[in-house]
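# Summary of the model geometry
Okay, here's what each chain looks like letter by letter:
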Amino acid sequence: PAVAAPAPAEPAADVIAMFSDAYTTVPIDTWNTGWGGSTTEDELYTVAGDAARMYFNLNYVGIEFLTRTIDASAMTHLHLDVYAPAGTDLKVKVVAYSGDNGTYVGEAELTFDADSTPAFRAGEWSSLDIPLASFPLAAPWTHLAQLVLSSSTTQLVLVDNVYWHK
């Protein structure tokens with residue numbers, strides 16, 4: 001893209017940021033777990049002076065924060081700004097654990113496309129401001145440990161401003 005992702009407007013006190021130039025971020029163990037079967041490669045990429053994560057050869061990528069899980073129980077939304085030059089869908093999965101370095105408790109996944117709310121459209125920055133209530137997650141939101149992005153149609157995606165907010 002010729003322009004950077006939209007600048008976030010939420011007050012820093014209402015945000016738990018994973019990746020953003022606009023906020024102080026929490027520690028993340030890895031931005032690409034390299035799980036078996038994943039073809040995804042990643043690198044930092046700069047767009048108009050703003051850092052973004054670029055995932056290419058995307059089928060799925062695990063973003064992991066097991067050693068310091070995220071307590072999103074007071075948050076209402078997960079936000080990601082994504083840009084893909086081509087593709088029709090992007091899936092976002094959240095995975096809950098029992099605690100820091102704990103065991104798997106549950107997961108929920110949503111698919112975004114041109115007809116979803118929020119919408120994902122290739123060729124432009126899509127601001128996915130996802131209400132947490134939209135995720136069918138039965139597990140508590142107190143120890144989130146993984147975020148998984150996947151697609152069968154979107155091979156390259158830039159991701160910026162990944163954060164939870166209220």
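Preceding this paragraph is the structure being described.
Summary of the structure given here. The structure displayed is predicted, hence computed values, not measured ones.

When its secondary structure is counted, the protein shows zero helices and ten strands. Ordering the α and β elements of the protein from the N terminus gives β-β-β-β-β-β-β-β-β-β. Computed over its C-alpha atoms, the radius of gyration of the protein comes to 15 Å, within 12% of the 15 Å expected for a compact globule of 166 residues. Projected onto its principal axes, the C-alpha positions of the protein cover 40 × 40 × 30 Å. Burial analysis of the protein (166 residues in total) assigns 49% to the buried set. Counting contacts in the protein only where the partners sit at least 6 residues apart, residues at least 24 apart contribute 73% of the total.

Once that is clear, we can look at the sheet that holds strand β9 (residues 144–150). Across the sheet, which stays open at both edges, the four strands sit in the order β4-β9-β6-β7 with antiparallel pairing between neighbours. One side of each edge strand has no neighbouring strand; the edge strands of this open sheet are β4 (60–64) and β7 (104–112). Geometrically, the sheet is characterised by an average inter-axis angle of 15 degrees between neighbouring strands, direction not taken into account. Here six bridges tie strand β6 (residues 90–97) to β9, and the two strands are oriented antiparallel to one another. Bridge pairing links Lys 91 to Ser 150 in β9.

What follows covers the side chain of Arg 53. Structurally, Arg 53 can be placed in strand β3 (residues 50–56). By relative accessible area, Arg 53 is classed as buried at 12%. For Arg 53, the side chain forms a polar contact with the side chain of Asp 42, separated by 2.8 Å.

This paragraph deals with the environment of Met 75. Within the secondary structure, Met 75 is located in the loop between β4 and β5 (77–83). Remark: the alpha-carbon pair of Met 75 and Asp 14, spanning 61 residues in sequence, is separated by 7.9 Å. If we ignore the near neighbours within four places in the chain, the residues touching Met 75 are Asp 14, Ile 16, Leu 132, Trp 164, His 165 and Lys 166.

Criteria and thresholds
Residues numbered from 1 in each chain as written. Predicted model: local features only at pLDDT ≥ 70, side-chain atom pairs only at ≥ 80, totals over all residues. Heavy atoms only, no water. Helix = DSSP H or I, 4+ residues; strand = E, 2+ residues; numbered from the N terminus. Rg over C-alpha atoms; globule rule 2.2 N^0.38 Å. Buried < 20%, exposed > 50% of the residue type's maximum accessible area, 1.4 Å probe, protein only. Contact = heavy atoms within 4.5 Å. Pairing = 2+ DSSP bridges. Axes fitted to C-alpha atoms, helices over the stretch in contact; angles between N-to-C directions. Polar contact = N/O pair within 3.5 Å; in protein donor to acceptor, adjacent residues only side chain to side chain.

Purely geometric stuff here, so don't read any function into it on its own.
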